[in-house]
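# Close look at the chain arrangement
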Amino acid sequence: MIIIGYARSSRQGRARSKMAGRANPFDWSGGHPALDLVNTLDERPSGAPVENLATYGDLVRFAELAGLIKAPASGRLRSLDGPDGSRIARRARELREHLYAILAAVHSGRTVPKVSLEAIGSEVRRAHAARVLVAAATSNAVRHGWSSPSSPEIPLHACALAVETLLVMADHSRIRKCGASDCEVYFIDTSKAHRRQWCSMQNCGNREKQRRWRAGAD
Ligand SMILES: [Zn+2]
């Protein structure tokens, strides 16, 4: 999958983005768009999680910033918001929570929930059905395109395909949950030494090290 404009930012960066009023409240520490999708529900362990996919506009923005759809398409899609958009955003949140259920099960050594695999499989089938093969303009190559480029479901389909890629293609031994006790951000460890522990060293890493140091000093 081609990732366009894939960006990273720390929680501090997100806080600055929020303060500046820019529509980028997302956590990009996942290292894969499907993990970044899971992390759109922020502060999971707090009991009052922060929902960053509340609206269809949020979903379009996420898909654009994650590189799953291109900017011109995102402008067109945003104009399609309405009751259908709300339903599509809800399906995206359900897709996300089913992926979270699978990651959490794997992380704690439980059996992967069948209901979540089936729900994700259903969205993946819809996404595949929405694609067509098209000839690339500048070469003889053939690429995937959307059969209905103005369908409001495109950002959801793009997320479903990213989830499929993660589940089928990724090295699952590298998918980790942040080591901080109060953080449930998932990421894929692409470091050379395979020792990444934190979603963000600046935030969780330093905070957890201070906590452990204080616990050891008591
Ligand atoms: Zn963390």
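The following paragraphs examine the structure supplied in this document. (Residues numbered from 1 in each chain as written. Predicted model: local features only at pLDDT ≥ 70, side-chain atom pairs only at ≥ 80, totals over all residues.)

### Section: the environment of Ala-89
Residue placement: Ala-89 occurs in helix α5 (residues 83–107). Put simply, Ala-89 and Glu-153 are 64 residues apart on the chain and 9.2 Å apart in space, counted from C-alpha to C-alpha. Every residue in contact with Ala-89, bar those within four places of it in the chain, is listed here: Leu-53, Thr-55, Tyr-56, Asp-58 and Leu-59. (Helix = DSSP H or I, 4+ residues; strand = E, 2+ residues; numbered from the N terminus. Contact = placed C-beta atoms within 7 Å.)

### With respect to the environment of His-98
Within the secondary structure, His-98 is located in helix α5. Distance in space between the C-alpha atoms of His-98 and Ala-119 is 7.2 Å, their sequence separation being 21 residues. If we ignore the near neighbours within four places in the chain, the residues touching His-98 are Ser-116, Ala-119 and Ile-120.

### A few points about the pairing of strand β3 (residues 131–135)
Of all five residues that make up β3, zero are buried, and the element is exposed over most of its length. Note: β3 against strand β4 (residues 142–146), five bridges, orientation antiparallel. Paired with Arg-131 across the strands is Trp-146, a residue of β4. Hairpin remark: β3 followed by β4, antiparallel, with six residues in the connecting loop. (Buried ≥ 20, exposed ≤ 12 C-beta atoms within 10 Å, placed from the backbone. Pairing = 2+ DSSP bridges.)

### Here we look at helix α3 (residues 56–65)
Among the 10 residues that make up α3, nine are buried, leaving the element largely enclosed by the rest of the structure. For α3, the complete set of buried residues consists of Tyr-56, Asp-58, Leu-59, Val-60, Arg-61, Phe-62, Ala-63, Glu-64 and Leu-65. Against α4 (71–78), α5 and α7 (154–169) lie the buried residues of α3. Once α3 finishes, Gly-67 follows within two positions and takes phi at roughly 80 degrees, a positive value.

### What about the nonpolar core?
Residues Leu-59, Ala-63, Leu-99, Cys-159, Ala-162 and Val-163 are the most contacted members of the largest nonpolar core, which totals 46 residues. Listed by contribution, the elements that provide at least two residues to this core are α2 (33–38), α3, α5, α6 (114–129), α7 and β6 (186–188). Here the element with the most residues in this core is α7; it accounts for nine residues. Each residue touching Leu-99, except ones within four places of it in the same chain, is listed here: Ala-34, Leu-37, Val-38, Ile-120 and Val-163. (Core = buried A, V, L, I, M, F, W, Y, C linked by C-beta atoms within 7 Å.)

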